[in-house]
Each structure stands twice: as C-alpha cells, then as structure tokens.
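# Geometric and topological summary
Residues per chain, in single letters:
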Amino acid sequence: MTSLEVLAVLAFACSGLIAGLRKQLDLVGICMVSGATAFGGGTLRDILLDRRPFFWMENAYWLWIILFLCVIATIFMKRRHVEFTERAIQVPDAIGLGLFSVVGAQMALDLGMPIIVTLLMAVLSAIFGGVLRDMICNEIPKAFSDHQPYAIFAFLGSALLIILQSIGWSEWLSLSLCALLIALLRIVAVYQRWELPRWQG
C-alpha cells in the first residue's frame, strides 16, 4: 500500500509542479501547489477515516524530495519544456488517479466501512489533490469542468475492486488490476476526447 501511495504522490506532485510553472508562480507558490496536489487527497481521506499519522508526516522525507524537485524545476526548466510536459503529464496524472483510487478504497475496506463510504473515499482520494491544485491556481477545477470522465473512473474501478475481493481475489492482484484499468480508461478518454453529457439548461 505504501509503494502504491508513493507512486501516486510522485505522479500528482509532477502535475502540481507543472501547473505552478505554467502560472509563473514563485518558488514558494510552486512548492505549495505541488505539495497540495500530491498530498491533498490522501490527507482528506485520512482525516475522514480518522487515520494517524498522515502519510506525509509518517514519511516526512517526501516533503524534502518534492521541495528538491520544485527547486530543480524552477532553475532548469524553460517555457518550451513546460508546454511539452503539460501534454505529457496526462499519463502520470492518469496513473495517479488509478493508484489513489484503489488505495483509498482499500483503506476504507480494511476499516470495515460500508460500500458507499468506500467508493466515496476512493473518489475523494483521487480528485481532491487536483481540485486544490486548480483552486490555488485560480481555475475552476478541471475534474468538474472539462467534461471528460475522471471521478467516474475512480468510482467504477473501485467498485470493481470491491467485487473482485468479495469473490476471493487477492488484495495485491485486485489492486494492481483495478489501478491499471482506471489509468488506461483515463488515458483513452483524454486521447479519444470522450466527454460526459453537458447540462443544457
């Protein structure tokens, strides 16, 4: 579980870093955006599930790693790198979505939470960091406004996780499969430009 969360944190930290660079924030702002994106969803999940200590407190060295990444990026990255990486970041962002979804769901399952609470923890873990990122950058959160499936993949993938474990699949196999499925669906949705129906008023 720790390994999965570490990978998710790295993926979302990169997403927040790029967002801060695109907005031309200073180093403090970039560090704040990157950290909020990386740890926001997991922190909210831990608060709601009453888990202590938080991941970033228990593994404080990750704060240093993200700080180091932000400093290096502000020194060496140029605008052309940011524009390219913004497109490329869709892949690690999708990976982070899949990993945070299944980690959140599994933690809720381990605590004996009802199915609907488990699904809610999966969705909140997966999207809240990105919501914080966009709010800090003064944008309407993309998870709510770009009309591409995002949270729905976290919901459906976590529902599949619950089903697989209920029929006897091992925890590691079901986690890996569902995380991969969520990530692949998100990548396909981005590149095929899938959209959810819009409210027409």
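Residues numbered from 1 in each chain as written. Predicted model: local features only at pLDDT ≥ 70, side-chain atom pairs only at ≥ 80, totals over all residues. Heavy atoms only, no water.

## With respect to the overall build of the protein chain
Our working definition: Counting from the N terminus, the helices are DSSP H or I runs at least four residues long and the strands are E runs at least two residues long. Throughout, the radius of gyration refers to the C-alpha atoms, and the reference size of a globule is 2.2 Å times the residue count to the power 0.38. Summary of the burial criterion: residues with accessible area below 20% of their type's maximum are buried, those above 50% are exposed, and those between are partly exposed, where the area comes from a 1.4 Å probe applied to protein chains only. Residues are treated as being in contact if the distance between any of their heavy atoms lies within 4.5 Å.
Helix and strand counts for the protein chain stand at 10 helices and 0 strands. For 201 residues, the compact-globule estimate of 2.2 N^0.38 gives 17 Å, and the protein chain sits close to it at 17 Å. With the C-alpha coordinates aligned to their principal axes, the bounding extent of the protein chain is approximately 50 × 45 × 30 Å. Taking all 201 residues of the protein chain together, 45% fall into the buried category. By sequence separation, contacts in the protein chain at least 24 residues apart represent 77% of the contacts at least 6 residues apart.

## Regarding the packing of helix α2 (residues 27–49) against helix α4 (residues 61–76)
We count it as follows: Angular values range over 0 to 180 degrees, each being the angle between N-to-C directions of two axes fitted as lines to C-alpha atoms, with helices fitted over their stretch in contact. When an angle is under 35 degrees it counts as roughly parallel; over 145 it counts as roughly antiparallel; between 65 and 115 it counts as roughly perpendicular; any other value is oblique. Handedness of a crossing is defined here by the sense of rotation of the near helix relative to the far one, left-handed for an anticlockwise turn of less than a right angle and right-handed for a clockwise turn.
Relative orientation of the contacting elements α2 and α4 amounts to 135 degrees, with a least axis distance of 10 Å. By the angle between their directions, the pair α2 and α4 is classed as oblique. For α2 against α4, the interelement crossing comes out right-handed. Two secondary-structure elements touch here, α2 through Leu27, Ile30, Cys31, Ser34, Gly35, Ala38 and Phe39 and α4 through Trp62, Leu63, Ile66, Leu67, Cys70, Val71 and Thr74.

## Considering the confidence of the model for the protein chain
Our working definition: A score between 0 and 100, pLDDT records how confident the predictor is in each residue.
Taken over all residues, the pLDDT of the protein chain has a mean of 87, while the share at 70 or more is 94%. Averaged pLDDT values for the elements of the protein chain fall to 65 in helix α5 (residues 79–88) and rise to 94 in helix α9 (residues 151–166).

## Focus: the side chain of aspartate 93
Structurally, aspartate 93 is set in helix α6 (residues 90–110). Each residue touching aspartate 93, except ones within four places of it in the same chain, is listed here: Phe12, Ser15, Arg133 and Tyr150.

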